[in-house]
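Breakdown of the fold
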Amino acid sequence: MTTAVLPREDYLNTDYSLRSWLLTTDHKRICILYLVTITLFFAIGGAFAAMIRLSLATPTGSLVSDETYNKLFTMHGIIMVFFFLVPSIPATLGNFFIPIMIGAKDVAFPKLNLASWYIFTIGGCFTLWALITGGVDTGWTFYTPFSTLSSNTNVSLAALGIFIAGFASILTGLNFMVTIHRMRAPGMTWFRMPLFLWSMYATSLIMVLGTPVLAITLLLVAAERLLHLGIFDPARGGDPVLFQHLFWFYSHPAVYIMIVPSMGVVSEIIAAFSRKRVFGYEFVAFSSLAIAVFGFLVWGHHLFVAGLSVYSAMVFSLLSYVVAIPSAVKVFNWTATLYKGSISFATPMLYAFGFIWMFTIGGLTGLFLASLGLDIHLTDTYFVVAHFHYIMVGGAIMGYMGGLHYWWPKMTGRMYPEGWAKIGALTIFLGFNLTFFPQFILGYMGMPRRYHVYPPEFQTLNVLSSAGASILGIGYLIPLVYLLWSLKYGPIAGDNPWNAKGLEWQTTSPPPKHNFEETPVVTEEAYNYGGLEESHVG
């Protein structure tokens, strides 16, 4: 007589009811809720991007009207920045792995964690309602006085949605900071923490300190529209440039909310797939904090043509060069880690290489925009669009995809098809570069951004860019298909398919509801790969 073997209980199969998911306080399930939500937002924002590129394939922009075009690039920016890029890694991979990586059973405030998802979703619904009922045409930056005086679209409703979602960002950052401070396992000192945790701590600092500034700024825009207060209206004694100062004081650090978590992911991947401790661990750790601090000191480089004094502009230019130093530290240290490493070209490593390539190009072109003379020529051209996307899409999303592939076996207990995963990674890399590299040339040649029509001599490069966008779209669809396929048909992954170090690989896949059967004790440094040069999946 054979006895049936019951499946091992994990966070996914403890309860299958919808109620158990919508009222869960398990950080891992909240990660899945966020993952589904931001994937939907990514699809919507991507659809807007596709329409923009289709419209720009011809110089006359005959696909949509000029008003519709303004709404397309505005809603693309709002959704991608505030409802995908900002929460992408912190709300998903951060939510799932911060407690596991420090040996805790959950985050410090589990109910607050669930509340943040509801707040984020409510904010997203307000913004989508603004889109459905007429859209917004101000650009994602909501520049005054157009947003407060001239625009007759749903500016206040969209601003309210972002305002509400901002509270989710603040609560998530606060939760992570307290969790990392107070809930580390015995022996998990600050300098034994994985670099992903350092990056998430630095990101949380920016989220907690910077997000209230944006929330208040957008509240003032809505108040000015509704009550005509004269905060930004020159006719009533206001100052439209004040809005730019307030907006960019948050929105430049927000770039680091998007990119610093990806840097943490890349550190984890490079250590695992080169079988080495990250070179200069302490420098890489402190560079995350340095980026968080310096990020609040460089907002003025967005205002070089807005009427800053020459002396202020010189200071902001210098600080913009300084903030590049901790980013360069990371790139050089990752390169040094790879040197003489036992490198495996598994899919997560391909994304890590893609991140380094794209982030390096994005960072170097950022220095062009930090130069006072060059910025005057390049401001509001497609050079800025290309630079921004190399950092955000090329950097942040490559890091996000790399982390998703690296930890997918731990999150689901299943492996994805490695061949298709590599095809997807290469398609994204090629499609992205074909989309955005021509835009550097377009910007240098003088093509302004946010224009519905353009001179015919720019068409060839625009057609190349639109063709690249088609390839990029296919590249993003490929992982969506095979990751969903792997949930049911993927091979069982095992607890540690990469033979990686770290507490997250010492628990089962998928993890149990409370992460560990008993609290782990940490006795070694992070990335202790000494003598672990044996082969692994790749």
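The structure displayed is predicted, hence computed values, not measured ones.

With that out of the way, let us pick up the overall build of the protein. Per the secondary structure count, the protein includes 17 helices and zero strands. Here the protein has a C-alpha radius of gyration of 23 Å; the compact-globule value for 538 residues is 24 Å, and the two agree. With respect to the three principal axes, the spread of C-alpha positions in the protein is 85 × 50 × 45 Å. In the protein, which comprises 538 residues, the proportion classed as buried is 58%.

A separate point is a nonpolar patch on the surface. On the surface, a nonpolar cluster with roughly 410 Å² of combined accessible area is contributed by Leu23, Tyr118, Ile122, Phe126 and Leu160. Broken down by element, the residue count for the nonpolar patch peaks at three residues, all from helix α5 (residues 110-132). Summarising the element assignment, Phe126 is placed in helix α5. Under the relative-accessibility criterion, Phe126 is labelled partly exposed at 30%.

Further remarks concern helix α10 (residues 281-294). With 14 residues, α10 extends 20 Å from end C-alpha to end C-alpha; this agrees with the ideal 20 Å at 1.5 Å per step. In this structure, the buried side of α10 is in contact with α8 (195-227), α9 (240-274) and α12 (324-338).

Here the focus is the packing of aromatic side chains. Evaluated as defined, the whole model comprises 47 aromatic pairs. Aromatic pair Phe191 and Trp198: ring centres 5.6 Å apart, planes at 35°, arrangement tilted. Judged by its relative accessible area of 4%, Trp198 is buried. Taken together through their ring pairs, the aromatic side chains of Tyr11, Phe96, Phe97, Phe196, Phe273, Tyr406, Trp407, Trp498 and Trp505 make up a single cluster.

Cut-offs used in this document
Residues numbered from 1 in each chain as written. Predicted model: local features only at pLDDT ≥ 70, side-chain atom pairs only at ≥ 80, totals over all residues. Heavy atoms only, no water. Helix = DSSP H or I, 4+ residues; strand = E, 2+ residues; numbered from the N terminus. Rg over C-alpha atoms; globule rule 2.2 N^0.38 Å. Buried < 20%, exposed > 50% of the residue type's maximum accessible area, 1.4 Å probe, protein only. Patch = residues over 30% accessible without salt bridge, like charges linked within 9 Å, V, L, I, M, F, W, Y side chains within 5 Å. Areas by Shrake-Rupley, 256 points an atom, 1.4 Å probe, with all protein chains shown as cover. Salt bridge = Lys/Arg side-chain N within 4 Å of Asp/Glu carboxyl O. Expected span 1.5 Å × (residues − 1). Contact = heavy atoms within 4.5 Å. Phe/Tyr/Trp six-rings, centres within 6.5 Å; stacked < 30°, edge-to-face > 60°.

Function-wise, these values are silent; they only describe arrangement.
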